[in-house]
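# Topology and contacts: notes
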Amino acid sequence: MRSPKDFFAPLAVGAPDPVREIPALPSRMIHFFDPSNEKMAAKVPDLAKKVDVLLGNLEDAVRADRKEAARNGLVSIAKSTDFGATQLWTRINSLDSPWVLDDLITLVTEIGDKLDVIMVPKVEGAQDIHYVDRLLAQLEARAGLRRPLLVHAILETASGVANVEEIAGASPRMQGISLGPADLAASRRMKTTRVGGGHPGYLVRTDPVGDDLETGRTTYQQDLWHYTVARMVDACAMHGILPYYGPFGDIRDVVACEDQFRNAFLLGCVGTWTLHPVQIDIARRVFSPDPKDVAWARRVIAAMGDGTGAVMIDGKMQDDASVKQCRVVAELADALATRDPELAKAYDEATKEALA
Ligand SMILES: CC(=O)SCCNC(=O)CCNC(=O)[C@H](O)C(C)(C)COP(=O)(O)OP(=O)(O)OC[C@H]1O[C@@H](n2cnc3c(N)ncnc32)[C@H](O)[C@@H]1OP(=O)(O)O
Ligand SMILES: CC(=O)C(=O)O
Ligand SMILES: [Mg+2]
């Protein structure tokens, strides 16, 4: 464990200074594409205008015999594309794989100035982040980079969940954490075969009335991921980094996808992964606060003045704690409005109506 005094010292001579605060840039959707897939790669310039984050995936879902093509494809896409304000991330192969060393060396050397965040899969504990941290510092120094690359961990092993707080605080590079429900289910030996989402067998049932155990007993499907998402959100909030939902694999079921995304949003996540173009608008809708909520938040903030004391608005008590919640919503809305003019207009119109 490094001394707190050394936490913000560069880990290699000539490496850029670590950041002291993780920028809260809009990242409602982290859109995955396979850089070795020509059809997907051709869509990147258009997608860059629609999404907050584009992620060139090198790990799972890229065939073993396409790993080099994916890595080289990402280098060439990064060099030839104007991403505007859209962030470019990558997911490298796992730290025990034969590809990861070349992933890091090639990407940092060739496109380190274009990449914002490196997503590390199957993180088990702080030791994995420490390894990547030092290696990145060495590569950044050699490449002469002026800005440090940030690191994002996928929470997808039982050990990773047990160590999530230490992972979140393992390095000043830690930008965020995503839920990885597919690998996590396998690692925990859960008896599911899905990528994210609920399961009809995971439920609670109302009590029987009298001796009849069969009739009138409503069941409620429960969320398999509630515990993990909540724990991840707390670990991230505690360390000033950003939590995300992960993949929702049933591409056809846009309704359940939206529900799962919304649960994560309400619990504190700032965004999600999108695996298919059809999920992009769902993520935008869910992870942008509703204009009515933004208008309400702005109204409470205006009524609360310096933020202390208690007032009544439409029959509801507001005080120091509720105004803090309203600030979270209003600040997110302001940040998204700078990127999304349509949203900015909807927020302003709803606020005008609420204050009229
Ligand atoms: C557990 C995890 O690790 S999750 C993360 C790893 N998984 C991924 O990254 C998966 C990414 N997504 C995909 O590979 C694909 O979306 C699949 C395999 C799920 C479905 O692909 P397809 O069968 O081609 O879907 P579909 O036919 O509906 O695609 C429609 C169009 O969208 C394109 N498309 C599909 N997914 C994407 C994407 N992620 N990005 C850009 N374009 C895409 C297709 O190429 C196709 O293009 P076309 O109209 O020019 O032919
Ligand atoms: C996200 C991911 O990699 C998983 O669910 O396994
Ligand atoms: Mg995985």
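Higher on the page you've got the structure.
Keep in mind the model is a prediction, meaning the values are calculated, not measured. (Residues numbered from 1 in each chain as written. Chains lettered and ligands numbered in written order. Predicted model: local features only at pLDDT ≥ 70, side-chain atom pairs only at ≥ 80, totals over all residues. Heavy atoms only, no water.)

## Some remarks on the site of ligand 2
The full set of residues close to ligand 2 is Arg91, Glu156, Gly180, Pro181, Ala182, Asp183, Pro247 and Trp273. Contact between ligand 2 and Gly180: an oxygen atom at 3.4 Å from a main-chain N or O atom of the residue. Measuring from an oxygen atom of ligand 2, one finds a backbone N or O atom of Asp183 at 2.8 Å. In the complex, 94% of the free accessible area of ligand 2, which totals 210 Å², lies under the protein chains. Ranked by residues supplied to the shell around ligand 2, first place goes to helix 7 (residues 181–188) with three residues. Per-class residue counts for the shell around ligand 2 are four nonpolar, one polar and three charged. (Near = heavy atom within 4 Å. Polar contact = N/O pair within 3.5 Å; in protein donor to acceptor, adjacent residues only side chain to side chain. Areas by Shrake-Rupley, 256 points an atom, 1.4 Å probe, with all protein chains shown as cover. Helix = DSSP H or I, 4+ residues; strand = E, 2+ residues; numbered from the N terminus. Nonpolar A, V, L, I, M, F, W, Y, C, P; charged D, E, K, R; others polar.)

## Looking at helix 2 (residues 67–80)
Here helix 2 is 14 residues long and its end C-alpha atoms lie 20 Å apart, about the 20 Å a rise of 1.5 Å per residue gives. Along helix 2, the positions that sit buried rather than exposed are Lys67, Ala70, Arg71, Gly73, Leu74, Val75, Ile77 and Ala78. Summarising the contacts, the buried residues of helix 2 are in contact with strand 1 (29–33), helix 1 (38–47), strand 2 (53–57), strand 3 (87–91) and helix 3 (100–111). (Expected span 1.5 Å × (residues − 1). Buried < 20%, exposed > 50% of the residue type's maximum accessible area, 1.4 Å probe, protein only. Contact = heavy atoms within 4.5 Å.)

## Quick notes on the coordination of the magnesium ion (ligand 3)
Distances from the magnesium ion (ligand 3) to its protein donors, namely Glu156 (OE) and Asp183 (OD), fall within the range 2.1 Å. Here Glu156 is found in the loop between strand 5 (150–155) and helix 5 (158–162), whereas its partner Asp183 is found in helix 7, with 27 residues between them in sequence. Since its relative accessible area comes to 4%, Glu156 is described here as buried. Looking at Asp183, the relative accessible area reads 25%, which means it is partly exposed. (Donors = N, O, S within 2.8 Å, 3.2 Å for Na, K, Ca; no water.)

## Regarding helix 9 (residues 254–267)
Structurally, the α-helix is built with 3.6 residues per turn, so residues lying three or four positions apart point the same way. In this model helix 9 runs 20 Å from its N-terminal to its C-terminal C-alpha over 14 residues, within 8% of the 20 Å that 1.5 Å per residue would give. Residues of helix 9 that are buried include every one of Cys257, Glu258, Gln260, Phe261 and Ala264, and no others. Considered in projection along helix 9, the buried side chains sweep an arc of 165 degrees and stay on one side of the axis. The exposed residues of helix 9 that point more than 90 degrees off its buried face are Val255 and Leu266. The secondary structure elements touched by the buried residues of helix 9 are strand 10 (272–274) and helix 10 (280–287). (Arc of directions from axis to C-beta.)

## Side note on the pairing of strand 1
In terms of burial, strand 1 is a largely internal element, five of the five residues being buried. By the alternation rule, side chains of strand 1 split into Met29, His31 and Phe33 and Ile30 and Phe32, which are all buried. Examined bridge by bridge, strand 1 and strand 10 share three bridges and lie parallel to one another. Pairing of Met29 across the sheet is with Thr272, part of strand 10. With four bridges joining them, strand 1 and strand 2 adopt parallel strand pairing. Across the sheet, residue Phe33 finds its bridge partner in strand 2, namely Gly56. (Pairing = 2+ DSSP bridges.)

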